[in-house]
Amino acid sequence: MANEHRVLLEVGGLIRSAADVIDGPSYVLWNGSTIEASGGGVYDGDRTGLHVVRKMSSVAMPGLVNTHGHAAMTLFRSAGDDVPLQTWLTEKMFPLEQQLTAEAVYWGTQLACWEMAVSGTTCFTDMYFYMEESARATLDSGLRGILSVGLLGFTEEMQKQGIADSRSFKAGWHQRGDGRIQVTLGPHAPYTCPPAFLEQVTDLSAELDLPIQIHLSETAYEVEESHRQHGKSPIAHVRDCGLFTRPVLAAHCVHVNAEDIKIMAEHDVRAAHNPQSNLKLGSGIAPAVALRNAGITVGLGTDGAASNNNLDMFEELRLAALLHKGVLQDATAVTASEAFQMATADGARAVFQPAGTGTLTPGANADVVLLNLDNPSFIPTYNLLSNVVYAASASDVTDVYVAGQPIVVNGEPVTMDTEQIRWQVRRIVGKFSR
Ligand SMILES: CSC[C@H]1O[C@@H](n2cnc3c(O)ncnc32)[C@H](O)[C@@H]1O
Ligand SMILES: [Zn+2]
């Protein structure tokens, strides 16, 4: 009988990494959750006990990494459009979020996992409420989640509760699902977390050995207010609260100056670039090229579905490659290869994964996405990677594996009950008042 734990995937093309593309017969072999071998041509090792999956009309690529989001905000998709961030947050989202329940977050997160899986995302970050439910939904979906309790520090009671919830979230969930669930700390932003609270979060991060994710320098208003209140930029302010003594993923970084970029580079602060959300909220465009040129690891993200309004990383990948060409009037600003790197290996580094993650090379997680080479997006293929970045879309995704396990097969999610998700989300959302 075939050993189901060693899988040989035979494909018609292989993107092992942004720099290593094979347009022709190739293979990926994984053992359990880890890639054992990959390369061009026909696998010439011993085939005894291998489960062979032959998909010669597909190209295999590493799963996309969504470095910033709020999964259960799928519940609020299109519930607050065409307003700027502060209005969106305080007048639209906060009142809706008051009505959240544990059950709502479970089904909202399952909906996000469904949407992300079928569009080729295998790993995502989350910062939200009722995070035990987000973790449970993620675990059930089979995806990989880098999750944090969203911390708002408006009152001392909220701060105490947030610290306690983060502690118990780590105790209950960190490294569950063979490491698919990873807990981080999630102070929302410097404008919702006072300095003493950010210092406490920094200490907790060191004590629990957990990285931190935070929104930083998203709008011009945030930066102006930071100068008014603290006499410095949000980046300098959180640095002075000690945050950058710990591994930090900073979401947005739209309004950063040269000094901010220097501080981020010096402290190896990683950035999540969310071009669609920043455009939709009218926040601006992050200087992703300057950040990368300074040596900062930049990943791509969607942000929540209420500010995007979808979780499709193929759109972010394409937009990141196009946007900076236009802004800088330089067609070489972000190449297809650089955009792909941001959406995969750099994204994985941004969310604190070990080197090699986000590639299909030996030792990496078997997080694999297949795209249909028979679709128009791949005809013809002068440059396979260019087809993926500039022509492909989520509709080209046919199969998705996370940690070697099938999540989507022939376009159909196999770990999630989509009929149930659809029904539950419609039922739950029907009870919200707006
Ligand atoms: C405390 S849980 C997370 C919190 O963040 C809000 N949120 C979602 N997207 C953004 C964004 O782009 N900037 C700032 N805050 C955001 C979400 O509504 C939750 O309240
Ligand atoms: Zn966000």
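Residues numbered from 1 in each chain as written. Chains lettered and ligands numbered in written order. Predicted model: local features only at pLDDT ≥ 70, side-chain atom pairs only at ≥ 80, totals over all residues.

(A) Local environment of helix α4 (residues 156-173). Taking 1.5 Å of rise per residue, the 18 residues of α4 would be expected to cover 26 Å, and the 25 Å separating its terminal C-alpha atoms lies within 8% of that figure. Along its buried surface, α4 packs onto α3 (131-141), β8 (144-151), β9 (181-187) and α5 (195-208). Gln175 occupies a position one or two residues after α4 and carries a positive phi of about 70°. (Helix = DSSP H or I, 4+ residues; strand = E, 2+ residues; numbered from the N terminus. Expected span 1.5 Å × (residues − 1). Contact = placed C-beta atoms within 7 Å.)

(B) Representation of the site of ligand 1 within the structure. Around ligand 1, the surrounding shell holds 18 residues, and the nearest of these are His70, Met93, Gly150, His188 and His215. Of all elements in the fold, only α1 (85-97) and β7 (121-128) reach the threshold of two or more residues within the shell around ligand 1. Counted by class, the shell around ligand 1 contains eight nonpolar, seven polar and three charged residues. (Near = placed C-beta within 6 Å. Nonpolar A, V, L, I, M, F, W, Y, C, P; charged D, E, K, R; others polar.)

(C) The arrangement of the packing of α4 against α5 in detail. Two numbers describe how α4 lies on α5: the axes approach to 11 Å, and their chain directions differ by 15°. Between α4 and α5, the angle is such that the two are roughly parallel. Like other packed secondary-structure pairs, α4 and α5 cross with a definite hand, here right-handed. Touching Gln159, Ile163, Ser166 and Lys170 of α4 are Phe197, Gln200, Leu204 and Leu208, all from α5. Considering only residue class, the contact of α4 with α5 consists of four nonpolar, three polar and one charged. (Axes fitted to C-alpha atoms, helices over the stretch in contact; angles between N-to-C directions. Parallel < 35°, antiparallel > 145°, perpendicular 65-115°, else oblique. Left-handed = near helix turned anticlockwise from the far one by under 90°.)

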